[in-house]
Amino acid sequence: MKKQLPYFVLFFVLPVLAMLAWWGLFSSASLEIGTSPAYDYVYLEAEGPYSKLSSKQNEVLFYMKQQNIAHGAAIAIVLTDPRTTSYKALLARAGFVIDHAVEVKAPLMLGHIDPQKVAIAQIKAHPLLAYGKTYSAILDYCKKHDMKLQLPTVEIFEHSVLRVEMPLESKAGE
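None of the values given here were measured: they were computed from a predicted structure. (Residues numbered from 1 in each chain as written. Predicted model: local features only at pLDDT ≥ 70, side-chain atom pairs only at ≥ 80, totals over all residues. Heavy atoms only, no water.)

Student: Looking at this structure, how should I read helix H3 (residues 127–144)?
Tutor: Since the α-helix turns once every 3.6 residues, residues separated by three or four places project in the same direction. For H3, which comprises 18 residues, the first-to-last C-alpha distance of 26 Å matches the rise-based estimate of 26 Å (1.5 Å per residue) to within 8%. For H3, the set of buried residues is Ala130, Thr134, Tyr135, Ala137, Ile138, Tyr141 and Cys142. The buried residues of H3 occupy an angular sector of 150° when the element is viewed end-on, so they sit on one face. Residues of H3 that are exposed and point more than 90 degrees away from the buried face comprise Leu128, Lys143 and Lys144. Looking at the buried positions of H3, the neighbouring elements they touch are strand E1 (30–35), strand E3 (74–78), strand E6 (117–124), strand E7 (153–158) and strand E8 (161–167). Asp146, located one to two residues past H3, shows a positive phi value of around 50°. (Helix = DSSP H or I, 4+ residues; strand = E, 2+ residues; numbered from the N terminus. Expected span 1.5 Å × (residues − 1). Buried < 20%, exposed > 50% of the residue type's maximum accessible area, 1.4 Å probe, protein only. Arc of directions from axis to C-beta. Contact = heavy atoms within 4.5 Å.)

Student: Can you help me understand the pairing of strand E4 (residues 91–98) in this one?
Tutor: For a regular strand, side chains alternate in direction, first toward one face of the sheet and then toward the other. When you tally the buried positions in E4, you get six out of eight residues, the bulk of the element. Relative to E4, E3 runs antiparallel, the two sharing five bridges. The residue of E4 that forms the bridge with Ile75 is Gly95. (Pairing = 2+ DSSP bridges.)

Below is the structure:
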């Protein structure tokens, strides 16, 4: 057994650790306060588990290709808190950032978010790890500042980097 241990470590443990490191297991989300840019985006409404948002984004991509609409990063606007809402009743918008407002045909819809003061959590990691780590950083910030999670949050996923923006100021009239 002692002779096999170095081979086990070399050919199993080290590759698994390398893969997990590449996925971002050992990375931490950064958190900063800043102003978000304005976003124009094309989207579809999504209801149900947030784990299904990527399939809704694929549906948006299908319709965008049919309508010859160029896109940027994937975007999700999270409208309900999964800690207080039944997973079947979760609401979000799933889609893609666009450079400027374009004309879209149903079922696609256009959305716009004005610049706003936000807490920004960001990490480069595999999506299976990234969402938990970014929201953990956001929730730690909320706890430290004695506040609740402010919705909607904006999730931008591009080049293996997840950026989650939580608004810090409520809109006039809300």
